[in-house]
Amino acid sequence: MAKAVITFKIMPESPDVDLGPIKKEALRIGREGGAIGEMQIQEEPIAFGLKAVLVLGMYNVEGSDFDAIAEKMSIIEKVQSAEVAKMDLALG
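Parameters at a glance
- Residues numbered from 1 in each chain as written.
- Predicted model: local features only at pLDDT ≥ 70, side-chain atom pairs only at ≥ 80, totals over all residues.
- Heavy atoms only, no water.
- Buried < 20%, exposed > 50% of the residue type's maximum accessible area, 1.4 Å probe, protein only.
- Helix = DSSP H or I, 4+ residues; strand = E, 2+ residues; numbered from the N terminus.
- Arc of directions from axis to C-beta.
- Contact = heavy atoms within 4.5 Å.
- Salt bridge = Lys/Arg side-chain N within 4 Å of Asp/Glu carboxyl O.
- Core = buried A, V, L, I, M, F, W, Y, C linked by side-chain atoms within 4.5 Å.

### Let's talk about helix α2 (residues 66-74)
For an α-helix, 3.6 residues make a turn, and residues three or four places apart therefore share a direction. For α2, the full list of buried residues reads Phe66, Ile69, Ala70, Met73 and Ser74. Considered in projection along α2, the buried side chains sweep an arc of 145 degrees and stay on one side of the axis. Those residues of α2 that are exposed and angled more than 90 degrees off the buried face are Asp67 and Lys72. Each element contacted by the buried residues of α2 is listed here: β1 (3-12), α1 (19-32), β3 (50-60) and β4 (79-89).

### Looking at the pattern of salt bridges
Per the counting criterion, the structure on display carries 6 salt bridges. The salt bridge involving Lys9 is made with Glu44; its shortest N-O contact spans 3.2 Å. Pair noted here: Lys9 is in strand β1 and Glu44 is in strand β2 (residues 36-47), with a separation of 35 residues, a long-range link. Classification of Lys9 as partly exposed rests on a relative accessible area of 22%. For Glu44, a relative accessible area of 28% translates into the label partly exposed. Its salt-bridge partner being Asp88, residue Lys86 comes within 3.7 Å of it at the nearest N-O pair.

### As for the nonpolar core
By size, the foremost hydrophobic cluster in this structure holds 22 residues, and its most contacted members are Phe8, Ile10, Ile22, Val55, Tyr59 and Met73. Breaking this core down by element, the ones donating at least two residues are β1, α1, β3, α2 and β4. The element that contributes the greatest number of residues to this core is α1, accounting for 5 residues. Beyond its immediate chain neighbours, meaning those up to four positions away, Met73 contacts Phe8, Ile10, Ala26, Ile29, Gly30, Val55, Val79 and Ala82.

Don't take any of this as a statement about function, it's just geometry.
Here is the structure:
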């Protein structure tokens, strides 16, 4: 079964939003969505103090609905949007 590292990009509503609760909830949603092993969280500076939250996880490609996971992340409190930003197939 093919595996891929999926990067979800979450944009908060404003630069003033506390990213801690968003990160915690995004990890929970990612694990519930079928992430395999450890997940990573990163912050990506955008502009004027705004930072995107990047959530990286490995998933089985077959039978996974990554857009549905992103949709669940988009309804986290104080999140403006969430999307699948990148998909890298794992080799090996």
